[in-house]
Each structure stands twice: as structure tokens, then as C-alpha cells.
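# Remarks on the overall topology
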Amino acid sequence: MSHLSEIPEKPVVGVSMPHESAFLHVTGTALYTDDLVQRTKDVLHAYPVQVMKARGLITALRTGPALAVPGVVHVLTGADVPGVNDAGMKHDEPLFPDEVMFHGHAVAWVLAETLEAARLGAAAVEVEIDEQPSLITLKDAIAAGSYHGAQPVMLAGDTDAGFAESTHVFTGEFEFAGQEHFYLETHAALAQIDENGQVFIQSSTQHPSETQEIVAHVLGVPSHEVTVQCLRMGGGFGGKEMQPHGFAAIAALGAKLTGRPVRFRLNRTQDLTMSGKRHGFHAEWRIGFDADGRIQALDATLTADGGWSLDLSEPVLARALCHIDNTYWIPHARVAGRIAKTNTVSNTAFRGFGGPQGMLVIEDILGRCAPLLGLDAMELRERNFYRPGQGQTTPYGQPVTQAERISGIWQQVQDDAGIADRKREIAAFNAAHPHTKRALAVTGIKFGISFNLTAFNQGGALVLIYKDGSVLINHGGTEMGQGLHTKMLQVAATTLGIPLHKVRLAPTRTDKVPNTSATAASSGADLNGGAVKNACEQLRERLLQVAASRLGANASDVRITEGVARALGSDQELAWDDLVHTAYFQRVQLSASGFYRTEGLHWDAKTFRGSPFKYFAHGAAATEVEVDAFTGAYRIRRVDIVHDVGDSLSPMIDIGQIEGGFVQGAGWLTLEDLRWDTGDGPNRGRLLTQAASTYKLPSFSEMPEEFNITLMENATEEGAVFGSKAVGEPPLMLAFSVREALRQAAAAFGPDGISVELASPATPEAVYWAVQAARQQGDASGLNGHANDGSTTGRTANGQTVNGQAANGRTANGQTANGRAANGKVRTDAEALSGA
């Protein structure tokens, strides 16, 4: 066992305990960024001047009327920026733009004594623009050839040979939507200037070091003049990895100009209309199978909707490509990626960071192709798993070293969920209920852990021991409710060998731990845990020397357990507090800076080859759903999950993460439906779903009626802190089982062996049309691809026909009533050649 993964006697890690701030959360006493305003004197309030057009050149910006509003102190414009007028790392996000790039783009900011005065001042600012043509949808951008950023291609094997050897070849398209983060706390920052002109910013940010860097270059000062602190966040989910920087820069610029604290907080509508989402994707694909249903070749093009600027779109796309294989061995692959430039908000990181998008493509393909191959979907998936001992690598060349966990978890979830018996029960239920159907689907995941950019895989910590024996830890990770701080407390206590109550954790600050990476990519516990452990080990080694001199033993024979130092084979003891006190008087250093870098990573972004991930997290979920044919309404009857978290650092925290991730994934795939005004009227580009009343989030009613979660046992991860594995993002993708169960339930309304296409998100409306499609696939013309005269017999959602054939009813989200999608149907090569 590696030194990093070795667990000492009587550890604090592995013990179930509540979140370190749980009591504060539920009592309302936990402080968030905006709560600090009430404790700050003479605060000014910042409010955005938004332009409600999708695109246009600014021809005039008049701030005079705003300055006439009582209480308005200043209107920030580009002329106020002493440094670089840019809020992004790609230098394509002007803080004060000359061109409006999306509906609601902020072009100036009003500072006022009250929030209401700032709002009235913003309304008084006069902006004139020369409106320009805009691209709102992903399809618009693809048709116009509007792209930005890199266009990587991932190659493995020989795809031409793979298709030539394939018995069955299918082609298709798939477009699926993005997702709003909808964290409870919207973007917020509070900036102050000290007597030396240095800037202190409280920010709701997942990446304090990058917030510091952006603020410094906007202000034109070195980074040591800017300190960023993140007390905690009321949710982040990736939405606060890149996007808080510009908002913090506005507050800092205002504070620098006025000498007064500046508070910034978006209201919910502003947050929804100004901040980025999960990237929606469009996929075109061609896949070949042998006679036994094993994948031979895949050729796909993934197009991500990047929005108006690059933000993190390039690494999101890269991770999507790296996860299109999911748990499946694809010997021959060509997967191309590109980023569409549209006139919507700049899409950004979201839990899973492109991984869910890539994995959804292959899961959708298998769900659609299984009936065409005459196979049960579970059987098709299992036949294509990575196999242990085969020397198989991912399409980008990384060996899959724990393939046995894929099949092991798959079998365990079937056993735990009683799949075989329940399938028989479902078949009997469906036979007796013509208007209600049930289905049970199982899907697995293989998710790579580490940042795609190797340099980000480092973490730092500062651990201080005070004379009374109490311990204070600082680390570079941020707390957004995921329990990272709880785990770090457990890591520190375990490494030092002391009770948990001896350890306290300080808020994340850039002047305590510098140059940190974002708390993202599920790497928070790995990176910061490694750094905390490293710092604590330095301190423990010093204290062991002190204890050895007091106990009359060799340091190698001394152990510190539960706050007591003992020598092996001796009755003598030395309490922790006495040990620390002794160390102080012996002038032993009682502080240490820890560091951790993930070893064994290498990645060539140009050739798209390497081993970018430290390890893979695995899991599987079995989901049973029930669908009503009259409305498309459905309920999730039962979910069983087996998930691999290695040796859990904190089981209660990890189970909570699995529950939350699964539900958030189910929301993305079934409920959360982002809509923009795509018409040519005055509101073109406006986000229509800009409130909780129009954007539906999962709630108690969408929770599984029975929800069973099991952590994989005997799953030590060598080379990770105390043998643990990351848990933040991987569980989200377990929700694929919900969508696949809905597909199978819709298919149950039609004849056996039909392939059903399902829109994403699979809203009740979309499920209804899938059900109608299944029922109508009994029609010979629908099943056999007979030629038709191209006349329309009904309406489609987009006014489009499919392959010259009209839908027999209306469509929703591109799903036609006869089972064909407006964005393409699954076709065999033979059908394509015949023009079907």
C-alpha cells in the first residue's frame, strides 16, 4: 500500500459525521458573502446596466442622467479601468464591452448609496446600439459555420477498417440541452480598500486565486496587492469557477475609485440571464457493431454551444471527447469536437464538466440501437464493457486499469436491486395495463479524475499548531456545501493522531495558500487532502522526535493515537497538549506548509493522447419508472446505486453527494428545459425560463420513492489520500438510468423490438410524444421505411419534415409522433442508401 493511501490506527477518516457547518446551515447562522454587508460601514451598491438585445455595436453611452438620480455616486465604464479591460483568461470577455453579445449583456455599472438608487440609476443610463444579426441556437451557429476555439480530433485504431468489418452500421444525430446551475446563493462580492490601498475581496468563488489574478490585471496592480477570501458558497456546481472573476473586479474597481466598500450581488433574474450554463451539445454519429453486438467503430462529431466567449469551453469539450467511451471498449474511433459561437451567455463549467455530455452520446446510441440489434439494452451494454486483462486503452490511449470494477459493480447492483425478479414483475404489470407502463434500466459510469490541464493538479495547505495544542488548517479548496472542509478536518486529525475537536479550519484565502487551483474536477479532496496530509506529516515527524526524547524511545517506535503519544512496548504516555507545550519550549517549529502534486499524468492536447486522469471512478444505477400514456407524466419508483468512492473519507458526506448528484443529473435529463426567444421580434435572444416559475428544478415530488445507495467495499485507491476516491461529479451521470428507463417504458407501448427516440430533457411532453411514436410504429410505412409522397399530415415542432416524410402528429423538442426526430433518426447504412 502506498504511503499516501495508508490508514493509521484508529483514524478519524472513514467515520460518518455531519457536515462541519450543518448546524449553522439549518439554523440560518452560517454567513455568506452578502451577509457580510451588514457588518460593513458605508457600503455602496453596484447594479448592472443591461442591454436587452442579442447583439449590437454600442454607438452611444450616456451616464449623465444616472448621475442625476439621488444617491448615485458613480457610473463605472471602460474609461475607469486602469489595467486590462477584460474579465476572462482568454482575453475575449471585455468587462465593459463595445459590442453587446447577448440579451442582457451588462455594459456599465452604477454605484449608489442604496440598491434601489443603483437600480434607478441603471435604468436612467442611455445606451444606443446598432443592432446586428444574431445566432441564438446551436443549429443556427452550425449552419452559419460560427465557431471559436480549438477543434480537436481524437483518433484510435482504423475507423475505415472497423466499419468495413462491422455487420451492422447505424447513423444518427442527437441534440440535447444545457442546464442552469440554480445555486441558492447568486453571484456576490464585497470589496474593501485598506489604508495602504490594498484590495480585500470577499467573493463567492470556486477559484479564489484566479479571481485574485483577474482583479489584479483589471486594476493594473500586482497580485500581492489583492487578497481574495471565500468564506463559503451557497452552492457552486461549476458556475462559480470562472464567472465570479468579472463581478469581483467590478466591486474592486468601484472600491478603488471611491475609497468605499462596494457590494455586488445579482438578483435571481440577473443571475439567470447573465451567467453561463452547462453546454448544450449536438452530435452526429456513425457506429458499427459485429454480429454479436460488439462495437467495432465509432465516428462522431460533437459540437458544444460555447455561447459568446470561450470561458472554459475548450477543456469542457476535451473532457466530453475523453468520456464518449464511458465504460465501453471502442477499438476504432474518430471523434471530432468543435465549439459553436452563439449570441447567448457564455457557457461554463457545470458538475461533470463535459463528461456527462460525452457519455450521454454513447448511452443514447446504445439505447437506440439495442432494439435494432435484437438485444436487451442491458445485455448490449454489458457485452461492450472494458474487460480486465485485455490491455485495453481508452480512445485517447490511457490504460483502463480497474476494468474489473465495471463488471463487479454492474453485477452487484443487479443483485442488490433484484433485477431478474423485478423484470418479470414489470412484464406482468405491463401486460395488464394498456395505458400505464413500467420499465427498469441499468447504466454504468467510468469517470476520469484530474484536471485535463496537468498544471492544475496541485494543491497547497498551511497548518498551524498553537501552544495549547489546538490546530488551525488552511487549504486552497473552497466549500460550496459539498463537505470538503469536513473531510479536510478528518484528514488533519487522522494524520496528526488527535481528536477532531482539536482541529479548526479557516476560510479559504489567497494570502494563506497561494496559486491554488479551482475547487472543481472532483479533485478538491485529492489535491487539498494530499497537501493537508503533507503539512501534518511534517509536524508529526517533528513532534515524534520530541515525544521520543520524553519517552526514552526511538522516534520510529512512537505512535500518536487519539491525542496520546506512546512508545511501542512501553506503558509511558504523553498527552498531545503536553507534547506540543514541550515542543514549543524546545523551539520546534509548529507550523508547516504542505504541498501535493498528482503524479503520473501526461497529456498532449495537440495529438489528443496521453493519460490525463489519475484514476477512474466507477458506479452503476438501476432505475425503475412508471409512465402514464395519456399525459407522459412519470414517476421514479425505485433507484439502486452502487458507487466506488475508494475508502471513503467521510461516508455520510459521500452518500449525500451521490444522492445530490443523481438528482441533479435527473433534473438535467428530464425536467430542466432552457428556452430562448428565437423569433425575429424585439425580444430575440431573451432567456424565457428566467425564474423558478418557468425553469423546473427537481423537488421532493421527483425524488425516487425508494432510494438505495451502497458504497463499494474493499475499494482502496492506491496513490490517493487515505485510499479514497473523488465523489463530487461522477454520481450525476448515474442518472442516465432514468432517461433509459423512460425510453424503455415508452417503447413498451408499441410492438416488441422497436427503437424509440427520446428528446433531452425528457419532459413529460417529450415522453408523451415518444409514447405516441411507439404506438404508431406498428404502421408498416413507419417500420419498413416505405417511400411516401412527402406530403404533410400533421405539424412538427419546428415546421420541419423528416427525410421528406411528415410527422403524423405534433412534435416536442424535436421528437415526432411517429418516432422520428426532427434532428435525424437512427438509420442503417442500407436504409441510407435506399433513401429511407
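If you tally the helices and strands in the protein chain, you get 21 helices and 30 strands. For a compact globule of 836 residues, the expected C-alpha radius of gyration is about 28 Å, and the protein chain comes in at 28 Å, within 12% of that figure. Taking the principal axes of its C-alpha atoms as reference, the protein chain extends roughly 95 × 80 × 50 Å. With 836 residues in all, the protein chain has 61% of them scored as buried. In the protein chain, of all internal contacts separated by at least 6 residues, the share reaching a separation of at least 24 is 80%. Positive and negative side-chain charges of the protein chain, numbering 69 and 92 respectively, have mean locations separated by a distance of 2 Å.

A separate point is the confidence of the model for the protein chain. When pLDDT is averaged along the protein chain, the result is 93, and 93% of the positions lie at 70 or above. Segment residues 780–824 is flagged for pLDDT under 50; beyond a separation of four residues in sequence, or across chains, it makes 103 contacts in the model. Here residues 830–836 is modelled with pLDDT under 50, and outside its nearest four sequence neighbours on either side it reaches seven contacts, counting other chains as well.

A complete count under the given rule lists 20 aromatic pairs for this structure. Between F182 and Y695, the ring centres sit 6.2 Å apart and the planes meet at 5°, which makes this aromatic pair stacked. Of this pair, F182 sits in the loop between β8 (168–176) and β9 (188–193) while Y695 sits in the loop between α17 (651–670) and β29 (706–711); the two residues are 513 residues apart in sequence, bridging distant segments of the chain. An identical accessibility class is assigned to F182 and Y695; each is buried. Taking the centre distance of 4.8 Å and the plane angle of 20° together, the rings of F247 and F264 count as stacked. Within this pair, whereas F247 is found in helix α7 (residues 244–258), its partner F264 is found in strand β12 (residues 262–265), the two being separated by 17 residues in sequence. Residue F264 is classed as buried on the basis of its relative accessible area of 0%. Following the ring pairs from residue to residue traces out a cluster consisting of Y396, W603, F608, F613 and F616. The ring of W668 is capped by R278, whose NZ or CZ atom sits 4.8 Å from the centre of that ring. The ring of F163 carries R286 above its face, with NZ or CZ at 4.1 Å from the centroid.

Counting through the fold element by element, D364 comes out in helix α10 (residues 355–369). Looking at D364, its side chain comes within polar contact range of the side chain of R368, at 2.8 Å. For D364, the residues in contact, after removing those within four places along its chain, are F174, R739, E740 and R743.

The nonpolar side chains of soluble globular proteins are, as a tendency, buried together. In this structure, I287, F289, L302, F662 and L742 are the most contacted members of the largest nonpolar core, which totals 111 residues. Among the elements that take part in this core, strand β27 (residues 615–628) stands out by supplying eight residues, more than any other. Of all hydrophobic cores here, the second largest spans 52 residues; its members include M17, V463, A520 and W576.

Spatially, four strands are ordered β19-β18-β17-β24 in an open sheet, and the strand pairing comes out mixed. With partners counted over all chains shown, the strands left at the sheet margins are β19 (503–505) and β24 (591–597), one partner each. Adjacent strand axes in the sheet meet at a mean angle of 25°, parallel and antiparallel pairs treated alike. Taken together, the seven bridges between strand β17 (residues 458–465) and β24 define a ladder with antiparallel strand orientation. Bridged to Q458 within β24 is R597.

Buried residues dominate strand β18 (residues 471–475), accounting for five of its five residues. Residues V471, I473 and H475 line one face of β18 and the alternating positions L472 and N474 line the opposite face, and both faces are buried. For the segment spanning β18, helix α14 (residues 484–496) and β19, crossover handedness is right-handed.

Definitions and cut-offs
Residues numbered from 1 in each chain as written. Predicted model: local features only at pLDDT ≥ 70, side-chain atom pairs only at ≥ 80, totals over all residues. Heavy atoms only, no water. Helix = DSSP H or I, 4+ residues; strand = E, 2+ residues; numbered from the N terminus. Rg over C-alpha atoms; globule rule 2.2 N^0.38 Å. Buried < 20%, exposed > 50% of the residue type's maximum accessible area, 1.4 Å probe, protein only. Contact = heavy atoms within 4.5 Å. Lys, Arg positive; Asp, Glu negative; His and termini not counted. Charge placed at Lys NZ, Arg CZ, Asp CG, Glu CD. pLDDT = per-residue confidence, 0-100. Phe/Tyr/Trp six-rings, centres within 6.5 Å; stacked < 30°, edge-to-face > 60°. Lys NZ or Arg CZ within 6 Å of the ring centre and 35° of its normal. Polar contact = N/O pair within 3.5 Å; in protein donor to acceptor, adjacent residues only side chain to side chain. Core = buried A, V, L, I, M, F, W, Y, C linked by side-chain atoms within 4.5 Å. Pairing = 2+ DSSP bridges. Axes fitted to C-alpha atoms, helices over the stretch in contact; angles between N-to-C directions. Right-handed = clockwise from strand over helix to strand, strands pointing away.

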